[in-house]
Amino acid sequence: MYYAVAQRLAKLLLLQAGPQDLPGRPGVLQFAVAAFVLIAALRLLLFTGVLAALSQSLFSVAILALFVSSLLRWRKTPERFGQTLAALLLAGACIGALTLMPLRVLQPVLQAFAENPQTAPNQLQVPALALYAWVGISLWGLAISGHIYRHALGVSLGMGICVSLLYEFLLIAVVGQLGRLF
């Protein structure tokens, strides 16, 4: 089963398949959640502690599930939920894994900027190759999630990318508000 999922995921990452091509079995979604939470937590561990990394990872899965569910109900296609969420989580885990190394290299710069947002960018030694790799991989991830939303919602790729950006802004806003509460 996992070999078939890996093959279809590779095609999804190359924009040659859609979320409907993933098996609709619950085990695939469970694996996708576990993979996403693990990779997201590893990325967040570069900037925060274990408990915060795990809770933020789980929270982002919950927000994504609510977002996808709402969109699919609005489009009157709730039966696409499992495969769409699994596709987004698996793609997110893959893209997240690819960004681990550039983020590890950029971590000191990002940490310094987080501690002192008034720092001028020219005062920081930003490793250009790591920055370009992170931006490039992130843009590819945006295209992949836009592709997934395109198939799930029956919209254009441009609209799918807009939906993906909407989710990212929503997640940033919600996490930012929660960060202020705690």
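Look up: the structure comes first, before these words.
Now for a description of the structure that goes with this document. Not measured: the values here are computed from a predicted model.

Moving on: a nonpolar patch on the surface. On the surface, a nonpolar cluster with roughly 550 Å² of combined accessible area is contributed by V126, L131, Y132, W134, V135 and L139. For V126, the location among the structural elements is in the loop between α4 (81–115) and α5 (128–153). Note on V126: relative accessible area 38%, which makes it partly exposed.

Before going further, it helps to spend a moment on the layout of surface pockets. Taken as a whole, the largest pocket encloses approximately 1,500 Å³ of empty space. What lines the largest pocket is a set of 38 residues, and nearest its centre among them are R43, W134, E168, L171 and I172. Those elements that place two or more of their residues in the lining of the largest pocket are α2 (26–44), α3 (50–74), α4, α5 and α6 (157–181). Across the lining of the largest pocket, the residue classes tally to 24 nonpolar, 12 polar and two charged.

What follows is about the side chain of H147. Along the polypeptide, H147 turns up in helix α5. Look at H147 and you get buried, because its relative accessible area is 2%. Of note is the side chain of H147, whose polar atom sits 2.6 Å from the side chain of R150. Apart from the residues lying within four places of it in its own chain, the contact partners of H147 are L12, L15, Q16, A17, G18 and L157.

Time to look at unusual backbone geometry. If you check the backbone angles, L15 has positive phi at about 60° while not being a glycine. Looking at where L15 falls in the secondary structure, it is placed in the loop between α1 (2–13) and α2. Here the phi dihedral of K76 falls at roughly 60°; this positive angle occurs in a residue that is not glycine. You can see K76 is positioned in the loop between α3 and α4. Taking the relative accessible area as the measure of exposure, K76 reaches 68% and is therefore exposed.

Cut-offs used in this document
- Residues numbered from 1 in each chain as written.
- Predicted model: local features only at pLDDT ≥ 70, side-chain atom pairs only at ≥ 80, totals over all residues.
- Heavy atoms only, no water.
- Patch = residues over 30% accessible without salt bridge, like charges linked within 9 Å, V, L, I, M, F, W, Y side chains within 5 Å.
- Areas by Shrake-Rupley, 256 points an atom, 1.4 Å probe, with all protein chains shown as cover.
- Salt bridge = Lys/Arg side-chain N within 4 Å of Asp/Glu carboxyl O.
- Helix = DSSP H or I, 4+ residues; strand = E, 2+ residues; numbered from the N terminus.
- Buried < 20%, exposed > 50% of the residue type's maximum accessible area, 1.4 Å probe, protein only.
- 1 Å grid on protein atoms, 1.4 Å probe; cavity = no way out; pocket = protein on both sides within 12 Å on 5 of 7 lines; lining within 4 Å.
- Points joined across faces, edges and corners; volume = space filled by probe spheres on them.
- Nonpolar A, V, L, I, M, F, W, Y, C, P; charged D, E, K, R; others polar.
- Polar contact = N/O pair within 3.5 Å; in protein donor to acceptor, adjacent residues only side chain to side chain.
- Contact = heavy atoms within 4.5 Å.

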